[in-house]
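Residue-level structural notes
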Amino acid sequence: MASDAASHISVGALGAIFDDTKDQVREPIVQCVQVKPLPPQPNNQERYRAVFSDVANYVQTMLATRMYISTFQVQAAVLTKAAEANHLVTNGTLRKGCFVRLKSFQANSVKGKKILIVLDLEVLQELGEAEKIGEPKPLEAKGEEEEEKTQPTTISSNGFYGSKIQGGPPKQPPQAPSMRGPSASAHATIYPIEAISPYSNKWTIKARCTSKSSIKTWHNKNGEGKLFSVNLLDDSGEIRATGFQEQCEMLYDLFQEGSVYYISSPCRVQIAKKQFSNLNNDYELTFERDTLVEKAEEQNDVPQIRFNFTSIGDLQSVEKDTTTDVIGILKEVAETSQIVSKGTGKPYDKRELSLVDNTGFSVRLTIWGATAVNFNVPPESVVAFKGVKVSDFGGRSLSLLSSGSMAVDPDIGEAHRLKGWYDAQGRTEVFTSHASVSNATNSSMKPDQFKTVAQVREEQLGMSDQVDYFSLKATVVYIRQDSTWCYPACLSEGCNKKVIESDPGQWRCEMCDKTHPKAEYRYIMPVSVSDHTGQLWLSCFDDTGRLLMGTSADNLMQLHEDDPTACSEVFQAANCQTWNFRCRAKIDTFGDQQRVRYQVSSAKAINYSEEASRLAEIISSYNIN
């Protein structure tokens, strides 16, 4: 059986994959000689490393999880198999000695080692299993310094990846990036943005520049400099790229908002600094001296812009300082005004807008600088904003970031639906402002729709595609005291992401790329509440947790470490307290199951005078003969 299987192996295929000068075997067949789990990573699914042999050589491979799937392979079967690569290990299908067809993969070289990221594979069960065939040798990579000496390269606009030349290094310095679009054959394989990571090597992306910042300068004790940044978009996702100093000079005029470009490594990939970026990507790029940027001839095969909208009604449940996208009907436009920065003493122009949508809420959104001065959008237009920061100043409010953008009456489904709703019924609605939700002082505030637990279930709130809002007067009956009631958060202002203690006194935040001497604990607390009709589990964030527990999560965690009995007493004291909860219900998918999740937007103590009036109105609504 082993000899029959050996005849199917694509001998030498692994070496050809890493050698651009050799013809590659399409979907080579190799033998799996080892499978091992990778060290676990916080909040990530389990990953595995496999060693594959083609008899001549063996190479280490990483089985891709969803974050590595190349979305340019649009066939559903390909995506499904790539996503289930781990499953093949856990169910015993992919194991030592079996034979595998590599259907999609990406060759990489990391610190002199050759690694294959396997995106899609098929275990050939008909070939069975066998002991290791032959005596394969490791497929080693030359050191970077040796490779540079033996194979100097030059970057040209014709050969996008560079063409190897004989002899010494090029006599001419690298040329400025070319504006001429390369031929389609030069970019036969395009890397998707979502697959870019620090482990990627020799990649080319084709992306649209959706936003370009102005050139910014800095001055500090280490010197001075300048930079600019662009947001890049393709079918798979978005990423931010920054050019410093010489790269700023060379590339700034080349990039134009709305145009599509080919961008190739070398280009540094690092953890994204979320305080400077509003994109949903864990990584960002920094242009380097040899990074090549070329304008593409074909401009229509890349999407124009990508939004990740939060409805105006959902903003109350969004953490402060989060960056998001929002779309709404422009209800009011204020005059331009100026404020003076306390830090720099410089004046800044600003203008406040009022947006509404079909959730029945309105929100104040501030735009700045030239955008504010030149704003001339007529009221009742649909406006989509990308990159707005959520603030809790006067209730939830929004501010358009300098890296953000806006689109008036965009040709997208959300805009058409919103315009249809507004023309049909939105003009006559009375909207609840987030400021009124915060302090209940706005006389135009719509009365809360109080529900009992039984009504929430009977009316199936949250079961539709729309988010449902309701108020609930209920009593806390149980709060879990296990590890689910809080999490260690980053100390950086506006971050609040979970941090991991790598060593004692070393708390690492991957989002900020910083290490802090301690963490600040924040509530993320499941609470069981009850009224006279039934029981419901509510999810509470930090603000509500502080109110219910009477102290911060940080203080309570310290008490838990110093005196667990006293900590338990705090939890017990929080029980049997009655509150008015404002909640949102939305269907949530967990694994293969769907369930309704009830989140608390805000909570307040019972005002018995208001409660008596509310009950009296309910009683008077009944016709008693």
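I will try to describe carefully the structure that is included in this document. (Residues numbered from 1 in each chain as written. Predicted model: local features only at pLDDT ≥ 70, side-chain atom pairs only at ≥ 80, totals over all residues. Heavy atoms only, no water.)

Okay, unusual backbone geometry next. Looking along the chain, the bond that leaves Ser-265 and enters Pro-266 is cis, with omega of 10°. Mapped onto the secondary structure, Pro-266 falls in the loop between β13 (260–264) and β14 (267–271). A positive phi angle, near 50°, is found at Glu-27, a position not held by glycine. Relative to the helices and strands, Glu-27 resides in the loop between α2 (13–17) and β1 (29–37). For Gln-460, which is not glycine, the phi dihedral falls at a positive 50°. (Helix = DSSP H or I, 4+ residues; strand = E, 2+ residues; numbered from the N terminus.)

Let us look at the pattern of salt bridges. If you walk through the whole model with that rule in mind, you get 19 salt bridges. A salt bridge links Glu-459 to Lys-451, with the shortest nitrogen-to-oxygen separation between them at 3.0 Å. (Salt bridge = Lys/Arg side-chain N within 4 Å of Asp/Glu carboxyl O.)

On to the pairing of β14, then. The buried count for β14 comes to four of five residues, which makes it a mostly enclosed element. Strand direction decides the pairing type here: β14 and strand β15 (residues 283–287), joined by five bridges, are antiparallel. For Arg-268, the partnering residue across the bridge sits in β15 and is Thr-286. (Buried < 20%, exposed > 50% of the residue type's maximum accessible area, 1.4 Å probe, protein only. Pairing = 2+ DSSP bridges.)

The grouping of Glu-561, Asp-562, Asp-563 and Glu-569 at the surface amounts to a negative patch. You can see Glu-569 is positioned in helix α13 (residues 564–574). Classification of Glu-569 by relative accessible area gives exposed; the value is 51%. (Patch = residues over 30% accessible without salt bridge, like charges linked within 9 Å, V, L, I, M, F, W, Y side chains within 5 Å. Areas by Shrake-Rupley, 256 points an atom, 1.4 Å probe, with all protein chains shown as cover. Lys, Arg positive; Asp, Glu negative; His and termini not counted. Charge placed at Lys NZ, Arg CZ, Asp CG, Glu CD.)

The strand order across the open sheet built from three strands is β26-β27-β28, with neighbouring strands paired in antiparallel fashion. If you trace the sheet from one side to the other, it starts and ends with β26 (500–503) and β28 (514–516), each paired once. If you compare each strand with its neighbour and ignore which way they point, the axes differ by 40° on average. Across three bridges, β26 lies against strand β27 (residues 506–509) in antiparallel orientation. Bridge pairing in β27 places Asp-503 opposite Gln-506. (Axes fitted to C-alpha atoms, helices over the stretch in contact; angles between N-to-C directions.)

Listed in full, the buried residues belonging to helix α12 (residues 553–562) are Ala-553, Leu-556 and Met-557. Angularly, the buried residues of α12 cover 100° about the axis, an arc narrow enough to put them on a single face. Packing partners of the buried residues in α12 comprise β25 (486–489), β29 (520–523), α11 (542–549) and α13. (Arc of directions from axis to C-beta. Contact = heavy atoms within 4.5 Å.)

Moving on: the environment of Gly-15. Here Gly-15 is to be found in helix α2. Spatially, the C-alpha atom of Gly-15 lies 8.9 Å from that of Tyr-58, the residues being 43 residues apart in sequence. Residues within four places of Gly-15 in sequence aside, it is in contact with Asp-54 and Leu-139.

Any link to function would need more than the numbers given here.
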